[in-house]
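# An overview of the molecular structure
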Amino acid sequence: MMDFREICDFFGGTVFYDDLRGDLTDIRRKLSSLYSESPLPSINNTAKLILLEAVWNLLTGDFNNAAILLHSLTDDGIYGPRWCFRGHAYTGLMITWIEFPPLFKQCDLSGPSLLTWRKRSPAIRAALEFVYCHDHKQDATVMDILEFRVFYEINKFYSRTKLSAFKLNPTVEGYEDHQNVRDDLLKEVSASQSQRLQLLQRALDLGLVAVSAYLTRLMYEAAHSMGISASHLLLESLRERYTVSGDEVGIGLYWLVRGDHNASPSFTSPLVLNFDIADCPDDYGGVSTMFQQLQANVYVTQHTDQQTIPSSVKVAEQNTSSITNPRHGSSFTTPLEESEESSSPSRPDLRSTSEREFVNMLCTARDCYGQAEAHFKNAQSARGLAAVALRKACTLIMEDIQPYRSWKTSKHHSNIQELLTRSQELSRLSGDIQLQKLIQTHSLLVEMTNPISGRALGRWAESSQNDLFGLCLALLTFRVAQYFRYHCGSMTMAIKSLEVSRQIVKSMTGFRTLWFQIKLAEASISKSQGNLPWAKIWHGHLKDIWPQLFSQLVSSEPDPSSELDIQGSATFDIFIMRTMESIISVDINLGDPSTFPPKSTQDLLNLIEVRRYQPPITQQWLSTQKLHIKYQKTIRKHKRCLQRGELKEASLSLKVFLEDQDVRSRYDLQARSYIIDIAVLLGDEVLAREVLSRIHDHDLLPQLYMTIGRGFSTDEIREEKRRSLRSLEVILLCSIKAGVWARASHLLQLLETASPGFFTSKTSYTQLWPWQRCLYAGLVHEKEQQYNLAMLYFLQSWAFIKVSQMSIGTQDERRLLWDSPDVVRLVAALARRSLMWEANQPGVTKLEPTTDTRIDTRIFNIFAMGVDYGDIKHFNEALMFLESGRAQHVWETSFNNGGVPYEVIEANYKYRMWIQLNIKDLRTDKEEEEFQRLDKEKDEFSALLYSSAFEENSQPDLSNPRWNVFPFTVPELLESIPSNAIVIYPTFSDEGMMLLAIDRTGIKVGGFAAEVTTKVLRTGVLAYLNELQTGKGRVDSDPSGLDLFGMILSRVISNEPVERCIAAREHVIFVPSGDFMRVPLGALKYKNDYLILQKQVSQVPSLSALRHLRRNRQESSNSSVSVIAQPGSIARAKATGERALPMAGIEAKLVAMLAGTKVSNAKDVTRKQFQEDLQKSQFLHICTHGYSDADFAMNSYISLQDQFRVIDMLAVRTQVQLVTFSACLSGMGHASESGDMQGFSYAILAAGANAYIGALWNANDVATMIHMWYFYQTLFAALENPSLALAWQFATRLLYELTVPKAIKLLESFVLLWDHWEERGEKPNDLVLNGRKKLTVLIRDLKTENGSKMIDFKHPYIWAPFVMVGNASTIVQSSRHSEMLRKIQEMNIKKN
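Here the structure is a predicted model, which means the values were calculated and not measured.

### Focus: the overall build of the chain
- On a plain count of helices and strands, the chain comes out with 55 helices and 18 strands.
- In the chain, buried positions account for 63% of the 1392 residues.
- In the chain, 76% of the contacts between residues at least 6 apart in sequence involve partners at least 24 apart.

### Comments concerning the sheet that holds strand S12 (residues 1197–1199)
- If you trace the 3 strands from one edge of the open sheet to the other, you get S11-S12-S13, paired in antiparallel fashion. Both edges of this open sheet fall to strand S11 (1186–1187) and strand S13 (1203–1205), since each of them pairs with a single strand only.
- Summarising the sheet, S12 and S13 pair through 3 bridges and their orientation is antiparallel. Across the sheet, residue Ile 1198 finds its bridge partner in S13, namely Phe 1204.
- Packing against the sheet, helix H48 (residues 1167–1176) makes contact with S12 and S13, and its axis sits at approximately 50 degrees to S13.

### Quick notes on the environment of Ala 374
- Structurally, Ala 374 is set in helix H13 (residues 355–379).
- On the accessibility criterion, Ala 374 (36% relative accessible area) is partly exposed.
- For the pair Ala 374 and Leu 385, spaced 11 residues apart in sequence, the C-alpha separation works out to 8.8 Å.

### So, the nonpolar core
- Of all hydrophobic cores here, the largest spans 259 residues; its most connected members are Phe 4, Phe 11, Phe 16, Phe 151 and Ile 998.
- The greatest single-element share of this core, amounting to 13 residues, is contributed by helix H18 (residues 467–486).
- Discounting chain neighbours no more than four positions away, the residues touching Phe 11 are Arg 21, Gly 22, Ile 27, Leu 52, Val 55, Trp 56 and Leu 59.
- With 109 residues, the next largest nonpolar core counts Val 1021, Val 1262, Trp 1288 and Leu 1307 among its residues.

### Some words on the pairing of strand S18 (residues 1362–1366)
- In terms of burial, S18 is a largely internal element, 5 of the 5 residues being buried.
- When strand S17 (residues 1251–1255) meets S18, the two strands line up antiparallel, connected through 5 bridges. From the neighbouring strand, Gly 1254 faces S18, where its bridge partner is Val 1363.

### Looking at H48
- Those residues of H48 lying buried are Phe 1170, Gln 1171, Asp 1173 and Leu 1174. Along H48, the residues classed as buried sweep out an arc of 155 degrees about the axis, all on the same side. Away from its buried face, by an angle of more than 90 degrees, H48 presents the exposed residues Lys 1168 and Lys 1176.
- The inward-facing, buried residues of H48 abut strand S8 (1121–1125), strand S10 (1179–1183), S12, S13, strand S14 (1218–1221) and helix H49 (1240–1246).

### Comments concerning the packing of helix H19 (residues 491–506) against helix H20 (residues 512–528)
- The geometry of H19 relative to H20 is characterised by a closest axis approach of 9 Å and an angle of 155 degrees between their N-to-C directions. Judged by the inter-axis angle, H19 sits roughly antiparallel to H20. In this structure, H19 meets H20 at a crossing whose hand is left-handed. Residue-level contacts link Met 491, Ala 494, Ile 495, Leu 498, Glu 499, Ser 501, Arg 502, Val 505 and Lys 506 of H19 to Arg 512, Leu 514, Trp 515, Ile 518, Lys 519, Ala 521, Glu 522, Ile 525 and Ser 526 of H20.
- Here the contact of H19 with H20 is built from residues that sort into 10 nonpolar, 2 polar and 6 charged.

### Brief notes about the packing of helix H30 (residues 741–754) against helix H31 (residues 770–783)
- Interhelical geometry of H30 versus H31 gives an angle of 130 degrees and a closest axis separation of 9 Å. The orientation of H30 relative to H31 falls into the category oblique. With respect to the hand of their crossing, H30 and H31 are arranged in left-handed fashion. Mapping the contact onto sequence places Trp 741, Ala 744, Ser 745 and Leu 748 in H30 and Ala 777, Leu 779, Val 780, His 781 and Lys 783 in H31.
- In terms of residue class, the contact of H30 with H31 is made up of 6 nonpolar, 2 polar and 1 charged.

### Regarding the packing of aromatic side chains
- Tallied over the full model, the rule gives 33 aromatic pairs.
- Here the aromatic rings of Tyr 90 and Phe 151 are separated by 4.8 Å at their centres, their planes lie at 70 degrees, and the arrangement is edge-to-face. Here Tyr 90 is found in helix H5 (residues 81–99), whereas its partner Phe 151 is found in helix H8 (residues 142–167), with 61 residues between them in sequence. The exposure classification of Tyr 90 matches that of Phe 151, with both residues buried.
- With centroids separated by 5.5 Å and ring planes inclined at 65 degrees, the aromatic side chains of Phe 157 and Tyr 158 adopt a geometry described as edge-to-face. Each member of the pair, Phe 157 together with Tyr 158, is buried.

### Focus on the side chain of Ser 427
- With respect to the helices and strands, the residue Ser 427 is situated in helix H15 (residues 413–430).
- Contact partners of Ser 427, with chain neighbours within four places excluded, come to Ala 386, Asp 432, Leu 435, Gln 436 and Ile 439.

### What to know about the pattern of salt bridges
- In this structure the tally under the stated criterion is 48 salt bridges.
- The salt bridge partner of Asp 660 is Lys 630, with a shortest N-O separation of 3.2 Å. Of the two residues, Asp 660 sits in the loop between helix H25 (647–659) and helix H26 (661–664) while Lys 630 sits in helix H24 (residues 619–644), which places them 30 residues apart along the sequence.
- Residue Lys 630 is classed as partly exposed on the basis of its relative accessible area of 28%.
- It is possible to trace a salt-bridge network through shared partners that takes in Asp 18, Asp 19, Arg 21, Lys 105, Arg 217, Glu 221 and Asp 247.

### Considerations on the confidence of the model for the chain
- This prediction gives the chain a mean pLDDT of 78; 77% of its residues lie at or above 70.
- For residues 555–566, every residue scores under 50 in pLDDT, and the model assigns this stretch 11 contacts once sequence neighbours within four places are set aside.
- Below pLDDT 50 for its whole length, residues 950–964 participates in 40 contacts with residues either more than four positions away or in separate chains.

### Observations regarding unusual backbone geometry
- Although it is not a glycine, Gln 380 adopts a positive phi angle of roughly 55 degrees.
- For Gln 380, the position within the fold is in the loop between H13 and helix H14 (382–400).
- In this structure, Gln 465 takes a positive phi of about 60 degrees despite not being glycine.
- Turning to its location among the elements, Gln 465 is positioned in the loop between helix H17 (454–463) and H18.

Reading the values: the criteria
- Residues numbered from 1 in each chain as written.
- Predicted model: local features only at pLDDT ≥ 70, side-chain atom pairs only at ≥ 80, totals over all residues.
- Heavy atoms only, no water.
- Helix = DSSP H or I, 4+ residues; strand = E, 2+ residues; numbered from the N terminus.
- Buried < 20%, exposed > 50% of the residue type's maximum accessible area, 1.4 Å probe, protein only.
- Contact = heavy atoms within 4.5 Å.
- Pairing = 2+ DSSP bridges.
- Axes fitted to C-alpha atoms, helices over the stretch in contact; angles between N-to-C directions.
- Core = buried A, V, L, I, M, F, W, Y, C linked by side-chain atoms within 4.5 Å.
- Arc of directions from axis to C-beta.
- Parallel < 35°, antiparallel > 145°, perpendicular 65-115°, else oblique.
- Left-handed = near helix turned anticlockwise from the far one by under 90°.
- Nonpolar A, V, L, I, M, F, W, Y, C, P; charged D, E, K, R; others polar.
- Phe/Tyr/Trp six-rings, centres within 6.5 Å; stacked < 30°, edge-to-face > 60°.
- Salt bridge = Lys/Arg side-chain N within 4 Å of Asp/Glu carboxyl O.
- pLDDT = per-residue confidence, 0-100.

This is the structure we're talking about:
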């Protein structure tokens, strides 16, 4: 019968996974040989083979098969009592390794995931197996009993000794909490060590040298876990034994452990990158610090290639029975007692090791690993070599992702890849599957190319019943994500690491709590970077899973006395509460606020309401969330009203909130911060400052959760510090919003004191990203006239965000980042400071490194821009900063189209479409069908987009001081400006308006007006639009208000330097942004008259976009024109609710006549046909209904046979010269502060169109018909080879000069044209039923007394609704000029 010694010999010395004995591939071959060479079957032979097979499965991590095999040994006593005894012993070892995976033995998995796992697997208890062995010793031999006792000690070490030892370690968080039990813990650990010592001696007596060495390692790890600095003496005694016995693997293990000792504190490991792999459901995922070894604990050998022991180390005698306590000099056979001098050790500062010292420690660790590698080579141990290569890779990873280094190009990336590849190959050759899985996880984190591969890791863990090993992999990647989020400030690396973690957990059924945390963290990051659609998608997943999660955590009949049931229920409540907070912040911003909260969200609220008297729920949480809902609904309603131009309703929504009794009765910091926000939006600075004065520096945000015990609430002191930090942050933001800059400056100092490096490093446990913290610090210093320091902060903030932009996966996500109000504010600040950088400005000096001791200049030096502010042309620098933040979606999408494969373009379209449909609460049947189809294809097109984005956005090399500073140079941008044009470039922020006037030779004017802020602009624009549309262009409307607000807006161009620039040019090109994009720029007053009457007027998203449009304009002999119209009818109006547009039909017929083409009826035009028209035509004119979606701009559409949405433009590539959308609101969309527009105008340009015409409001259909007639007549006939801008100006002037009598004559000529069409058999009635009659009725109405007041052609509402966007300087070759003149003369149509 094969005993313990023989089994250990069979497996290379021991059966312990972390002893790295024997290559498992070779052992598999030996097992196969045994099967083939086995004599006639017998009970003992069969049992022996079963046990060997089971141990092999244990070492490969396949606990499923191991359990089946061991159960056959213990079941019904088939193989006799002795084999049953041993089967229970090995089952106990298996359960120990299931509960405490050897590769993660430093990790404390206490937390909700472990609780749910134990609840799901109540029968898995190692203690039961060992109790059986203890009660049946009579069935076992001396060797069998030793075998059982060793396994039991291993279990006790993991389940009790290690955890107790951690509580005695002064470097471990929570150390102070165990003062009252420290003596008892010390006695417990000392007793365990004594028992191991006895067992160690017994193993030596029985000739199990490798087993005794393994027990010595356990003793070392216990001492090391206690933080005993001299614990390495045990290692030295171990090394001595390995050397004497010539055990090359053992000596390799010594150097491996010694390297770990140098690289990591006792409670973590280099294999997990020195993270605390714990499962904590707090906002920050627990402690996400990468712990650095303390100088006092480092065991450094200066010359690690020598085999000598440092002279300062006294090695114990070889006789193990006399191993001394390295801390006290007494034998381990007596209890450990604290000496007087160390009875109350002080907790060292975990930051005491500098990054340079830490890197040196990692280098020392790698030296030790080099020694281990030499011995493993001698032993030909592939497992040992694989373990060495992985540890080397991990130390390089730790070095690379230090906050100081993580944003730079990895200098070790290729070495890390090589080491991981080598380690993977060696582990595969050795058959070490568990090590392979850990290596694969690290490879996924390093490469970030295909996180979906993480599913295979989860599936393996699930199928092999190695659940907690899979949990450890997921927790490792989750902790890495939190580290990148809060310590490195890298949203991209955080979200990618979270995705790896999510994919691992996704394939495992037992850890939905962790899956929930990961989803919530992804939603939080998406929300913080402005990606609300994805945040809402994550929330949808959370709401779908919560019933299943609840059933896992709470018993159907919970036992009040069961800690498991109580903690499980409390854990669930924390997840639901945090989810609700996130949902309220996000979902209400993506829909109609009047329908919020939807049923799924209300169900969650009701669940918490029912449980409001159970920890951790507090009544404070419930009242705070109700207040938060009111606040968010108010903000959303206000935005929607502004989007629709409803100024009064927007202000009223804010006043209702301020007058709400529940709001007025709240005095906590959260409520007062909301009141300040609303007051600032309302423009009531007096109220905002009054409320701010009632907030004290020590005020805290409400405490929303009760303490619920170990593993759930994290350290209370730590949480209180974080709450204090978040509270100071909220007060700072309130001070900035209210414009109380002295208070803001004071708070800067408080925050820097509370969290050193808050504004000067990437590390902080707040929801603000590093670039935001730098921005706010810069704004405060600017107000203090510390311009030098302010510019330094702005540059640092900009560098942070540029790196973030380059590493974000998709163009849409980059656009969302750059549309953030804070990013826009930053760009404006950089441009403003560059513009005002002159010697005569007070307080402005040359930019030099600061001597302020609060600034970590090393951080800033990473991003040195190479900008010498003593020499550069500051106006040019201001322009480039503005361009870096303008209209990212348009110019970037267009710029990339040339080299992007069609399949990637299509994948991007599907991706955007899937998101838009996903976030809609109510989908039509067609939309639901489309969504289901896309949802099935999601993995495929997401993977394609992910891989293409990774290739495109490889990690930038920041060693180049001018790396990607700007996309284009100033000369390149100036080249794009037509020689007859002047560019007016206004930028608005909370600090004021900056204005540049630029022509082809350079920047002519640069100015700044502090009084024209974003709020002032918004008020003026909305008031102007309100006055504009009040009279609908009637003659009897009051023009006084319109003139007043028009003059206010015209201040942008009504100053002498700018007027002088405009006077010298024929064409004025605006680069508008934010609310200024809603203004009809041709209606601005220039020298007491409308601008477009004197100059050609157009606008562009940015100069970068204009450059692209002009460079990519391809001359074409193709002059085809497509005209689409939907005149409608009474019957169709009743069926669809869309009013008939007879004038639009007549307009289309007129345009088609001028272009020599036919009109397509919109009701017959499919989405595909429309896309084809865009691709083949040079001119496309559309007369149909347009609908603007106030909540989802990309779902705005024009009415064809199918709805053609803005998002459908993503699938189109065109070279069309001009697209004219003669449709209501076709020029509108959601305008961002950065100058981006989510609407048809910019989407058309992104698709490749040269120029676009669309309407800003519901235009008068008669005026539109006449306007378009004049435009196309001018474009194709009246002028020879005009530019688009000139033709548009000419047509607008004709419309402006029109009178009602002249309009009647023109309409009468249209009637003659109608008759002419009928005579030629063109059947115009097929397009516009009774069109002639409608024209004659209109003429008759205009001839009446009231008719003369119906329309005032000099009112901007009539002639100014349409804007021209894009390359308006394009010359149109009027090949039909002579022919069209002849046709017009034949028809006696006079030009007015």
